[in-house]
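Architecture and fold: a report
The primary structure of each chain is shown beneath.
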Number of protein chains: 2
Amino acid sequence: MIIFVDMDEVMADAYMAHIEIYNQEFNAQLCVEECFGREVWQCVPKEHQKNIKDHTRRIGFFRDLRVIPDSQEVLLELSKKYKVYIASAAMEFPDSLKEKSDWLDLHFPFIPWQNRILCGDKHILKGDVLIDDRSKNLEPFNGRSIMFSSPHNANENSFERAHNWQEIADKLL
Amino acid sequence: MIIFVDMDEVMADAYMAHIEIYNQEFNAQLCVEECFGREVWQCVPKEHQKNIKDHTRRIGFFRDLRVIPDSQEVLLELSKKYKVYIASAAMEFPDSLKEKSDWLDLHFPFIPWQNRILCGDKHILKGDVLIDDRSKNLEPFNGRSIMFSSPHNANENSFERAHNWQEIADKLL
């Protein structure tokens, strides 16, 4: 069985990083509960939105992301049992490519380079399971599409859902 | 129709770059005709082989590769007619990732980031045609596998072959 796993919002906590950087730089108190069902940039005044959208173009943004709880432990077990591939739509941000490779080396060294994919569109992936936080990626996938919960997708209900990595373990291990 | 196109030896001339760097640094006269059926590193004295294998880890190696003749013109026409994706097994060389993205921006700006894939194994690709110089990539592909001629694959005959981009045009346009 081939399992594809998205990085941002599934393995790496980009959402909270956006909020923390914003709060620090604008001396704001945005909290994640205010953001359910929206992107972070949609939750701030119009004049700040471009600033948030540009976080992903900053050197170091992806390198410093925190690991989503339990993703290391569960992915280690999954990778013993199945063919696990990381699939990140990273090509939009060329400076992120090496940072993402380094981040995987650091936090997921058991997933070798052969099993890492940095791409654009994900509908070219051929496999059995896709774990992703975006419906645009899950929708065209031919296999089992599992939506991993992130604040921005709180109101979507078109896909099988996993709220956290323990639920992924329950489903797949 | 979805067409995947490999980069090295198909769009970018890595083979000749290996020879040129080697000849320059070792004051040698290796020529491509001597290399048919072999990798460049297999054509030099044992004590020089590691040097050649390490070319791909040098900063700038992939950035400076020359474009394979007619690839730009034919890929432009193909991309008007079909969904063309670039698929490069680049993850082994993290420093190459941004260089490859920049190289595509420079020489193939008509192929957007959505259609670029930097990966390891290629058997996760779902599409109709794969143009590649390596049998290990062509073999597991489910669709039409076209071997693009490179000095190293001169003696292989398990796949439909294209000797150059004009032959790709004849086959697919």
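Residues numbered from 1 in each chain as written. Chains lettered and ligands numbered in written order. Predicted model: local features only at pLDDT ≥ 70, side-chain atom pairs only at ≥ 80, totals over all residues. Heavy atoms only, no water.

Time to look at the environment of K171 of chain A. All names here are of chain A. Within the secondary structure layout, K171 lies in helix α6 (residues 165–172). Residue classification places K171 among the partly exposed positions, given a relative accessible area of 30%. Beyond its immediate chain neighbours, meaning those up to four positions away, K171 contacts R144, I146, E160, R161 and A162. (Helix = DSSP H or I, 4+ residues; strand = E, 2+ residues; numbered from the N terminus. Buried < 20%, exposed > 50% of the residue type's maximum accessible area, 1.4 Å probe, protein only. Contact = heavy atoms within 4.5 Å.)

Let's shift gears to the side chain of S150 of chain A. Residues and elements named next belong to chain A. Its place among the elements puts S150 in the loop between β5 (144–148) and β6 (160–162). Taking relative accessible area as the criterion, S150 reaches 6% and is therefore assigned buried. Setting aside residues no more than four positions away along its own chain, S150 makes contact with E9, Y15 and D133.

Our next topic: the packing of helix α1 (residues 14–26) of chain A against helix α2 (residues 46–53) of chain A. Residue and element names in this part refer to chain A. Remark: α1 packs on α2, axes separated minimally by 11 Å, with the N-to-C direction vectors making an angle of 125 degrees. Judged by the angle between their axes, α1 and α2 are oblique. Between α1 and α2 lies a crossing of right-handed hand. For the pair formed by α1 and α2, the contact residues are H18, Y22, E25 and F26 on the first element and H48, N51 and I52 on the second. (Axes fitted to C-alpha atoms, helices over the stretch in contact; angles between N-to-C directions. Parallel < 35°, antiparallel > 145°, perpendicular 65-115°, else oblique. Left-handed = near helix turned anticlockwise from the far one by under 90°.)

All names here are of chain A. UniProt feature "active site" (unreviewed entry): in the numbering of this structure it lies at D6 and D8. By the secondary structure assignment, D6 is in the loop between β1 (2–5) and α1. Those residues in contact with D6 that lie beyond four places of it in its chain are M11, A87, S88, K122, I131, D132 and D133. Here the side chain of D6 touches K122 through a polar contact of 2.9 Å, side chain to side chain. Mapped onto the elements of the fold, D8 is located in the loop between β1 and α1. Residues in contact with D8, not counting those within four places in the same chain, are A14, F62, L65, K100 and D133. (UniProt positions renumbered as here; feature names shortened; annotations may be inferred. Polar contact = N/O pair within 3.5 Å; in protein donor to acceptor, adjacent residues only side chain to side chain.)

For these two chains of identical sequence, chain A goes onto chain B by a turn of 180 degrees and a shift of 0.0 Å along the axis, with RMSD 0.0 Å. Expressed as a symmetry operation, the mapping of one chain copy onto the other fits a two-fold axis. Same-surface contact between copies: 100% of interface residues of chain A are shared with the interface of chain B. (Least-squares fit on C-alpha atoms with pLDDT ≥ 70 in both.)

As for its position among the elements, D132 of chain A is in strand β4 (residues 129–132). Only 2.9 Å separates the side chain of D132 of chain A from the backbone nitrogen of R134 of chain A, close enough to count as a polar contact.

The next subject is the packing of aromatic side chains. We describe a pair of aromatic rings using the distance from one ring centre to the other and the angle between the two ring planes. Residues and elements named next belong to chain B. A complete count under the given rule lists 16 aromatic pairs over all chains for this structure. Aromatic pair F62 and F93: ring centres 6.2 Å apart, planes at 35 degrees, arrangement tilted. Here the residue F62 occupies a position in the loop between α2 (46–53) and α3 (71–81), and F93 occupies one in the loop between β2 (83–88) and α4 (96–107), the gap between them amounting to 31 residues. The pair F62 / F93 is uniform in exposure class, with both members buried. (Phe/Tyr/Trp six-rings, centres within 6.5 Å; stacked < 30°, edge-to-face > 60°.)

With that out of the way, let us pick up helix α4 (residues 96–107) of chain A. With twelve residues, α4 of chain A should cover 16 Å at 1.5 Å per step; its first-to-last C-alpha distance of 16 Å lies within 8% of that length. Restricting attention to buried positions, one finds in α4 of chain A the residues S96, L97, E99, K100, S101, W103 and L104 of chain A. The inward-facing, buried residues of α4 of chain A contact β2 (83–88) and β3 (116–118) of chain A together with α4 and β3 (116–118) of chain B. (Expected span 1.5 Å × (residues − 1).)

So, about the interface of chain A and chain B. At the junction of the two partners, chain A supplies 25 residues and chain B supplies 25 residues. Buried surface at the junction of chain A and chain B, both sides included, amounts to about 2,500 Å², of which 62% is carbon and sulfur. Summed over the three residues of chain A that lose the most area to chain B, namely W113, I124 and K126 of chain A, the buried surface amounts to 29% of that side. Our enumeration of links across chain A and chain B arrives at two salt bridges. A salt bridge links D95 of chain B to K98 of chain A; its shortest N-O distance comes to 3.9 Å. Counting residues per element, the ones that place at least two in the side of chain A that touches chain B are β1, α4 and β3 of chain A. (Buried area = accessible area lost by both parts, 1.4 Å probe. Salt bridge = Lys/Arg side-chain N within 4 Å of Asp/Glu carboxyl O.)

Here we take up the domain arrangement of chain A. Residues and elements named next belong to chain A. On domain assignment, one finds that chain A holds domain 1 (2–13 + 66–172) and domain 2 (14–57). Counting residues at the interface gives 13 residues for domain 1, matched by 13 residues for domain 2. Roughly 1,100 Å² of surface becomes buried between domain 1 and domain 2 when both sides are summed, with 48% attributable to carbon and sulfur atoms. Its largest share of buried area at the contact with domain 2, domain 1 owes to D13, F93 and P151, together 46% of the area lost on that side. Put simply, domain 1 and domain 2 have two salt bridges between them. (Domains from an automatic or database assignment.)

Before going further, it helps to examine the pairing of strand β4 (residues 129–132) of chain B. Residues and elements named next belong to chain B. Residues V129 and I131 of β4 are buried on one face, and the alternating residues L130 and D132, pointing to the opposite face, are buried as well. Inspection of the sheet shows strand β1 (residues 2–5) paired to β4 by three bridges, in the parallel sense. Looking at β4, one finds that V5 is bridged to I131. Pairing geometry for β4 and strand β5 (residues 144–148), over four bridges, is parallel. Among the inter-strand pairings, I131 is bridged to a residue of β5, identified as I146. (Pairing = 2+ DSSP bridges.)

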